[in-house]
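If you want the building blocks of each chain, they are given just below.
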Amino acid sequence: MPNLNQNCRVTGKPFVITEWEQAFLKRMDMPLPTLCPEERQLKRLAHRNERSLYQRTCDHCQKNMVALYPAATPFPVYCGDCFWGDSWDGGGYGQGYDLNRPFFEQFKELLNRVPRVAVLSRNSQNSDYTNCEEQNKNCYLTFGGGYSEDCMYSNFELYCKNCVDCSYVHKCELCYECMDLENCYHCFYLTDSKNCSDCFLGNDLIGCHDCFGCKGLRNKNFYIFNEPYSEEAYKKKVAELLPKIQDADVQARFQELVRTVPTKFAQINNCENSTGGYLSNSQNCQWCFDAKNGKDSMYVTFGESFKDVLDCNVSYVGTELVYNSQSVCLSASFVRCCNFSWTISFSDYSDSCHYSKNLFGCIGLKHKEYCILNKQYSKEDYEALAAQIIEKMRAAGEWGEFFPFSPFAYNETIAQEYFPLTREEAARRGYGWKEENSINNATGEAGTCKQCSKVYRIIPQEKAFYEKTGLTSPLFCYNCRHKNRIKHRNPPFLWTRACAECKTPVASNYRPERPEKIVCEKCYLASVY
């Protein structure tokens, strides 16, 4: 079966449906997509609010809490203890299905009645202002990570300690304004590096210590702008440079190295027949990003230990045969078009359902089976009605489409980070918009952000970190610091580029207009070893 060429029904952009995708969709009994991969991902990410938090009360126990939803949200919002507890049952909200009405219309009615959990943070101490996190201690405004201690203003930090303003860091300590690090200690403004200590303003360093303004080094120490120094001369020079790390002349010299030292076409390690970025230990994975231990999958962003998955975001730990879903994790199997559901199987178009199977159009169920719109059915009645609903959805062109509405404003979600829209563009696509919310519960020194002019505070723990590291207090609020950091990270997209050395074509996640000297793996290895 040959590849098919299609045009996106929203953007008109041409895209290809590969032979593998066609076979997978047939296996999942799904139609061919009419949206390009970018538009499909945009719709899913518009359901993932990580960083916009509100203070409100739990609609069940009435205690004060931090939530992803403001008080005016139409549906009830429960704190974690109430949502995961046994004091309520989502089956009590069940409603009958009307075959004469559109599915999404009836699903939205259910959506506005069933309780949702305030934030997705569990088993943590003194870490209320976090989301999509677990097993933390003394963390503040961290998102998407866990198993960390004394971290602030970071996202996707795992097993970290005393890290501030960092993104995608793993097993790091005492790091500041770093991104994509593993096993690093006392590093500032370092990216795409591992096994480093006391490195400042660097990129693509492995096994280095005491380096300043360097790129592409391996197992080096006492280097400044890729030039070797004696230990004594290094320490004297860095003492002068470190307070000036953000000065224009220091940045310009480092950026010259960024432009001239070869850069590998994508962050792919130990992979076979795979394309994407920030991808490792995977086989037969195409267009996969921020993922590891994947197999036979395509268009996956944020994943680990997944197999036979297509068009999914956040697919972790044993997911298999999942299509067009967001945050479907933990041994999920044969799942189609679901959102934020863990350990589910043979389920379609369900949201916030866990430890369940054979669900269709359900919300907030736990340990259930054979339910449609949260109403319990016998196995025979469930299968008969689900088949009728699917045929109606096929005829209406709804089957295979992700949910067309989100409980979040577009600019509250990470869709805005990867696919930025203006307020007017979001409205034309049917998404809401909110003025940016900065939760301001903290006490401490106040400042006015030099970028957005909003007031922010330096909390006592943060001030102690700056004093310990010798860093000065930031001039921007944490939201602007996050935006300024993330905009330098490669997007989940590929461009066909030619190696700057040997002209071999490569699928790179570096935009063509980026200044780096992009090279293939062979030329890259020759440059660093």
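So, here is what we can say about the structure in this document. Given the structure is predicted, the values throughout are model-derived calculations rather than measurements.

### Let's talk about the overall build of the chain
Okay, so step 1: Counting secondary structure elements, the chain contains 12 helices and 33 strands.
Okay, so step 2: Taking 529 residues into account, the globule formula puts the C-alpha radius of gyration at 24 Å, and the chain, at 24 Å, falls close to it.
Okay, so step 3: A principal-axis box enclosing the C-alpha atoms of the chain has dimensions of 80 × 60 × 40 Å.
Okay, so step 4: Put simply, the chain has 529 residues, and 56% of those count as buried.
Okay, so step 5: Of the contacts made within the chain by residues no fewer than 6 positions apart, 36% connect residues no fewer than 24 positions apart.
Okay, so step 6: Summed over its atoms, the accessible surface of the chain is roughly 22,600 Å², and 49% of this surface lies on carbon and sulfur atoms.
Okay, so step 7: Each charge class in the chain was averaged separately, 61 positive and 64 negative side chains, and the resulting centres sit 2 Å apart.

### As for the packing of aromatic side chains
Okay, so step 1: Taken as a whole, this structure holds 44 aromatic pairs when the rule is applied.
Okay, so step 2: Ring centres of Phe 103 and Phe 360 lie 5.6 Å apart, and the angle between their planes is 90°; on these two criteria the pair is classed as edge-to-face. Within this pair, whereas Phe 103 is found in helix H4 (residues 103-111), its partner Phe 360 is found in strand S26 (residues 354-360), the two being separated by 257 residues in sequence. The pair Phe 103 / Phe 360 is uniform in exposure class, with both members buried.
Okay, so step 3: Plain terms: the ring middles of Tyr 349 and Phe 360 are 6.3 Å apart, the flat faces sit at 35° to each other, and that makes the pair tilted. Placement of Tyr 349 in the loop between strand S25 (339-348) and S26 and of Phe 360 in strand S26 is noted, with a sequence separation of 11 residues between them.

### Examining unusual backbone geometry
Okay, so step 1: Of note in the backbone geometry, His 186 takes a positive phi value of approximately 50° without being a glycine.
Okay, so step 2: Relative to the helices and strands, His 186 is located in the loop between strand S13 (179-182) and strand S14 (188-194).
Okay, so step 3: One non-glycine residue with positive phi stands out, namely Asp 296, at about 50°.
Okay, so step 4: With respect to the helices and strands, Asp 296 occurs in strand S23 (residues 288-329).

### Considerations on a nonpolar patch on the surface
Okay, so step 1: Together, Tyr 147, Leu 158 and Tyr 159 make up an exposed nonpolar region whose accessible area comes to about 280 Å².
Okay, so step 2: Relative to the helices and strands, Tyr 159 resides in the loop between strand S11 (152-158) and strand S12 (167-170).
Okay, so step 3: On the basis of relative accessible area, Tyr 159 is assigned to the partly exposed category, the value being 45%.

### Observations regarding the pattern of salt bridges
Okay, so step 1: Tallying each qualifying case throughout the model produces 35 salt bridges.
Okay, so step 2: Notably, a salt bridge pairs Arg 218 with Asp 204, separated by 3.0 Å at the nearest N-O pair. Taken as a pair, Arg 218 in the loop between strand S16 (209-212) and strand S17 (221-224) and Asp 204 in the loop between strand S15 (197-203) and S16 lie far apart in primary sequence, 14 residues in all. Here Arg 218 and Asp 204 have matching classes, each one buried.
Okay, so step 3: A salt bridge links Glu 320 to Lys 307; the shortest N-O distance between them is 3.9 Å.
Okay, so step 4: Taken together, the shared-partner salt bridges in this structure form one network comprising Arg 27, Lys 307, Asp 308 and Glu 320.

### Considering the environment of Pro 115
Okay, so step 1: Relative to the helices and strands, Pro 115 resides in the loop between H4 and strand S6 (116-117).
Okay, so step 2: Residue class for Pro 115 comes out buried when judged on its relative accessible area of 0%.
Okay, so step 3: Apart from the residues within four sequence positions on either side, Pro 115 is in contact with Pro 76, Tyr 78, Phe 83, Trp 88 and Tyr 93.

### Focus on the nonpolar core
Okay, so step 1: Counting 111 residues, the largest nonpolar core has Phe 103, Phe 212, Tyr 349, Phe 360, Ile 372 and Tyr 410 as the members making the most contacts within it.
Okay, so step 2: The greatest single-element share of this core, amounting to eight residues, is contributed by S23.
Okay, so step 3: Leaving out residues up to four positions away in the same chain, Tyr 410 has contacts with Leu 42, Ala 46, Ala 415, Gln 416, Phe 419, Leu 421, Ala 426, Tyr 431, Gly 432 and Trp 433.
Okay, so step 4: Counting 26 residues, the second-largest nonpolar core is a separate cluster that includes Cys 288, Cys 312, Val 519 and Val 528.

### A closer look at helix H6 (residues 248-260)
Okay, so step 1: Between its first and last C-alpha, H6 extends 18 Å over 13 residues, near the 18 Å set by a 1.5 Å rise per residue.
Okay, so step 2: What H6 keeps buried is the set Val 250, Phe 254, Leu 257 and Val 258. Looking straight down H6, one finds that the buried residues subtend no more than 105° of arc, so they occupy a single side. Counted as exposed and oriented over 90 degrees from the buried face of H6: Ala 248 and Asp 249.
Okay, so step 3: As for H6, its buried residues are in contact with S15, S16, helix H5 (231-241), strand S19 (262-264) and strand S33 (517-519).

### What to know about the environment of Pro 2
Okay, so step 1: By secondary structure assignment, the location of Pro 2 is in the segment before strand S1 (4-7).
Okay, so step 2: Taking C-alpha positions, Pro 2 is 9.1 Å from Ile 17, a pair spaced 15 residues apart along the chain.

### Digging into the pairing of S1
Okay, so step 1: Relative to strand S2 (residues 14-17), S1 is paired through four bridges, and the arrangement is antiparallel. Opposite Asn 5, over in S2, you have Val 16 as the bridge partner.
Okay, so step 2: What sits between the antiparallel neighbours S1 and S2 is a turn of six residues, in which Gly 12 has the positive phi angle 75°.

Criteria and cut-off values
- Residues numbered from 1 in each chain as written.
- Predicted model: local features only at pLDDT ≥ 70, side-chain atom pairs only at ≥ 80, totals over all residues.
- Heavy atoms only, no water.
- Helix = DSSP H or I, 4+ residues; strand = E, 2+ residues; numbered from the N terminus.
- Rg over C-alpha atoms; globule rule 2.2 N^0.38 Å.
- Buried < 20%, exposed > 50% of the residue type's maximum accessible area, 1.4 Å probe, protein only.
- Contact = heavy atoms within 4.5 Å.
- Areas by Shrake-Rupley, 256 points an atom, 1.4 Å probe, with all protein chains shown as cover.
- Lys, Arg positive; Asp, Glu negative; His and termini not counted.
- Charge placed at Lys NZ, Arg CZ, Asp CG, Glu CD.
- Phe/Tyr/Trp six-rings, centres within 6.5 Å; stacked < 30°, edge-to-face > 60°.
- Patch = residues over 30% accessible without salt bridge, like charges linked within 9 Å, V, L, I, M, F, W, Y side chains within 5 Å.
- Salt bridge = Lys/Arg side-chain N within 4 Å of Asp/Glu carboxyl O.
- Core = buried A, V, L, I, M, F, W, Y, C linked by side-chain atoms within 4.5 Å.
- Expected span 1.5 Å × (residues − 1).
- Arc of directions from axis to C-beta.
- Pairing = 2+ DSSP bridges.

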